[in-house]
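Given next are the chains, with one letter for each unit.
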Amino acid sequence: MQASRARLFKEYKEVQREKSADPDIQLVCDDSNIFKWTALIKGPSETPYEGGVFQLAFAIPEQYPLLPPQVRFLTKIFHPNVHFKTGEICLDILKNAWSPAWTLQSVCRAIIALMAHPEPDSPLNCDSGNLLRSGDVRGFQSMARMYTRLAAMPKKT
């Protein structure tokens, strides 16, 4: 557990140092528990998620970095590789392709890349996966844009 704390503390210092280096990701460590983090990520440009800000929750196991963090979307998102109700993410690096070389920041980057390049052949959200697999890209983008507007965009007052 000491090794994981040391690693997370090192990542925390890097995040503090590089806050402006990556404007698409804002990682925040829980004040009272270094094993709980949240992130705000910006929807990638030229995707239906553009303009949206999505919140992720990280639960880091005590064996980190030997085991991957559990990451899920707290913000509702219409995406084939994200479970609509739970926010669970289907991404190989969070499962069998994990390597201790990955950091929380690089996991956020990989999730942003997944948002831009969905994998409809292994869907957690069958509705969005089926739209893409059947070639209805327009239908998928329209639904994804609608949910981005409803859940991930700041409300105008």
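Residues numbered from 1 in each chain as written. Predicted model: local features only at pLDDT ≥ 70, side-chain atom pairs only at ≥ 80, totals over all residues. Heavy atoms only, no water.

Peer 1: Can you help me understand the overall build of the protein chain in this one?
Peer 2: Within the protein chain, the regular secondary structure consists of four helices and four strands. Reading the helices (α) and strands (β) of the protein chain from amino to carboxyl end gives α-β-β-β-β-α-α-α. At 16 Å, the protein chain has a C-alpha radius of gyration in line with the 15 Å of a compact globule built from 157 residues. Intrachain contacts of the protein chain at a sequence separation of at least 6 include 56% that bridge at least 24 residues. Side-chain charges of the protein chain comprise 19 positive and 16 negative groups, with the mean position of each set lying 5 Å from the other. (Helix = DSSP H or I, 4+ residues; strand = E, 2+ residues; numbered from the N terminus. Rg over C-alpha atoms; globule rule 2.2 N^0.38 Å. Contact = heavy atoms within 4.5 Å. Lys, Arg positive; Asp, Glu negative; His and termini not counted. Charge placed at Lys NZ, Arg CZ, Asp CG, Glu CD.)

Peer 1: What is the right way to read unusual backbone geometry from this model?
Peer 2: Generally, phi is negative for residues other than glycine and the peptide bonds are trans, each holding for most cases. Following Y64, the chain continues to P65 via a peptide bond in cis, the omega torsion being 5 degrees. Along the chain, the position of P65 falls in the loop between β3 (53-59) and β4 (70-73). A positive phi is found at E46, a non-glycine position, where the angle reads about 60 degrees. Positionally, E46 belongs in the loop between β2 (36-42) and β3. According to the relative accessible area criterion, E46 is exposed, its value standing at 79%. (Buried < 20%, exposed > 50% of the residue type's maximum accessible area, 1.4 Å probe, protein only.)

Peer 1: Just to check I follow, could you spell out the sheet that holds β3 for this structure?
Peer 2: Sheets are built from strands paired through backbone hydrogen bonds, the pairs being either parallel or antiparallel. Strand order across the open sheet formed by four strands is β1-β2-β3-β4, with antiparallel pairing between neighbours. What marks the edges here is a single partner per strand, and that holds for β1 (25-29) and β4. Pairwise comparison of adjacent strand axes, ignoring direction, gives a mean angle of 20 degrees for this sheet. Relative to β4, β3 is paired through four bridges, and the arrangement is antiparallel. (Pairing = 2+ DSSP bridges. Axes fitted to C-alpha atoms, helices over the stretch in contact; angles between N-to-C directions.)

Peer 1: Where do I start with the side chain of E11 in this structure?
Peer 2: Mapped onto the elements of the fold, E11 is located in helix α1 (residues 2-17). In contact with E11, not counting residues within four places along its chain, are W37, Y64, T103 and L104.

Peer 1: Teacher, can you tell me more about the packing of aromatic side chains here?
Peer 2: The geometry of two aromatic rings is summed up by the distance between their centres and the angle between their planes. All chains considered together, the criterion is met by eight aromatic pairs. Ring plane angle 70 degrees and centroid distance 6.3 Å describe the contact between Y12 and W37, whose orientation is recorded as edge-to-face. With a gap of 25 residues between them, Y12 in helix α1 and W37 in strand β2 connect regions that are remote in the sequence. Residue classification places W37 among the buried residues on the basis of a relative accessible area of 2%. Chaining the aromatic ring pairs together yields one cluster made of F78, F84, F140 and Y147. It is K76 that lies over the ring of F84; its NZ or CZ is 5.1 Å from the centre. (Phe/Tyr/Trp six-rings, centres within 6.5 Å; stacked < 30°, edge-to-face > 60°. Lys NZ or Arg CZ within 6 Å of the ring centre and 35° of its normal.)

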